[in-house]
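Close look at the chain arrangement
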Amino acid sequence: MALKLLLIGLVAGLFSTVFGVGGGIVIVPLLILLLGFGSKVATGTSLAAIGITALAGTILYAFEGHVDVAHATLVGLPAAAGAIVGTGVQQRVSGRALTLAFAGLLASLAVWLLVA
Amino acid sequence: MSASTVVFAVSLGFAAGLLAGFFGVGGGILFVPTLVALGLSQLDAEATSLLAILPTVAAGTWRQRHYGNVRWRTALALGVVSIAGAAAGVQIATALPEDVLRRFFAVLLLGVAAQLAWRSRRAAPYPSQP
C-alpha cells in the first residue's frame, strides 16, 4: 500500500509539472487499478491530492517567473464553477455522451497543437 | 483583451472545470491549450495552468467531501509524495525546447482522448461505477 502510494504520487507529480496538469489522469486510474478504490472515491481523493501537487508546482514555477496570475484567474474562476457542476453531474448520470464529447474536444485540440 | 477572447477563455475554463469535476482531474489538459491559444508560451501556459487548477480542485474537493468521496489520508500522502516528482518535472520542462514540450503535450492529449473514447465504448465509463 505505502509503496504503491509512493509510486502513484511520484509519477503524478512528474506529470503535473512536465505537462501543466494536476496529475489526476495518473492518480484516478492507478487508485482504481492498484489500490482497488471505487471510481467516485478515486475521483474525490484525486481532486484533494491534486490541490497539494498543483500548489507545489505553482510555487516552483513562480520562482522562475512562468506563472501569469491574470490568465490563471481568467480560466480558473469559471473552472471552479464548472467543477461544482461536474461533480454534481457525476453523482447522477453515466455520462457516456459527455465522455465522448470530451474525447472529441481533446483530440481536436491535440491536432491543432501539432499543426499550429 | 477583446470581448470574444474573454468569452473564449471563460467558456473553455468552464469546460475544464466540468471535466475536472466529472473525471477527478485538475482540468490542466484543457487549461494548457486554452492558454496557448491566448498567446502564452507552452512553458508559461503549463505553469499558469497549475495555478488555475487550484480554485478548480478546491471547488471540486469541497463538493466531493459533501458526497463523502474523499479519503483524506490517502490524498495527503499522494500530495506530499508528488512534490518530489513535481520538482523533478520542473527541471525537465524548463530544460526541454518549447516545440518538443508542445509536441509531448499534444501526444498526451491524444492519449487521453483515446482513453476516454475507449472507455465510453464500454457499458459504463468509470465515474458511473460504484
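Attention in this report is confined to the structure presented alongside it. Here the structure is a predicted model, which means the values were calculated and not measured.

Okay, the overall build of chain B next. For chain B, the count of helices and strands is 5 helices and 0 strands. Ordered by position from N to C terminus, the α and β elements of chain B give α-α-α-α-α. The dimensions of chain B, computed from C-alpha atoms along their principal axes, are 40 × 35 × 30 Å. A sequence separation of at least 24 residues applies to 51% of the contacts in chain B between residues at least 6 apart.

So, about the overall build of chain A. When you go through chain A residue by residue, the secondary structure sums to 5 helices and 0 strands. Its helices and strands taken in sequence order, chain A reads α-α-α-α-α from the N to the C terminus. Principal-axis analysis of the C-alpha atoms places the extent of chain A at approximately 40 × 35 × 30 Å. Expressed as a percentage of the 116 residues in chain A, the buried residues total 59%.

With that settled, the discussion passes to the packing of helix H3 (residues 39-63) of chain A against helix H4 (residues 72-95) of chain B. Put simply, H3(A) and H4(B) touch, their axes get as near as 8 Å, and they point 30° apart. On the basis of the axis angle, H3(A) is roughly parallel to H4(B). Judged by the sense of rotation from one axis to the other, the crossing of H3(A) with H4(B) is right-handed. Contact residues: H3(A) offers Thr45(A), Ala48(A), Ala49(A), Gly51(A), Ile52(A), Thr53(A), Ala56(A), Gly57(A), Leu60(A) and Tyr61(A), while H4(B) offers Trp72(B), Thr74(B), Ala75(B), Leu78(B), Gly79(B), Val80(B), Ser82(B), Ile83(B), Ala86(B), Ala87(B) and Val90(B).

As a further point, take the interface of chain A and chain B. If you look at the interface, chain A gives 84 residues, while chain B gives 92 residues. When contributions to the side of chain A that touches chain B are tallied by element, the ones reaching two or more residues are helix H1 (2-19), helix H2 (24-35), H3, helix H4 (69-92) and helix H5 (96-115) of chain A. Looking at the side of chain A that touches chain B, the element that brings in the most residues is H3(A), giving 22 residues. When its residues are assigned to classes, the side of chain A that touches chain B shows 50 nonpolar, 30 polar and 4 charged.

Thresholds, definitions, all that
Residues numbered from 1 in each chain as written. Chains lettered and ligands numbered in written order. Predicted model: local features only at pLDDT ≥ 70, side-chain atom pairs only at ≥ 80, totals over all residues. Helix = DSSP H or I, 4+ residues; strand = E, 2+ residues; numbered from the N terminus. Contact = placed C-beta atoms within 7 Å. Buried ≥ 20, exposed ≤ 12 C-beta atoms within 10 Å, placed from the backbone. Axes fitted to C-alpha atoms, helices over the stretch in contact; angles between N-to-C directions. Parallel < 35°, antiparallel > 145°, perpendicular 65-115°, else oblique. Left-handed = near helix turned anticlockwise from the far one by under 90°. Nonpolar A, V, L, I, M, F, W, Y, C, P; charged D, E, K, R; others polar.

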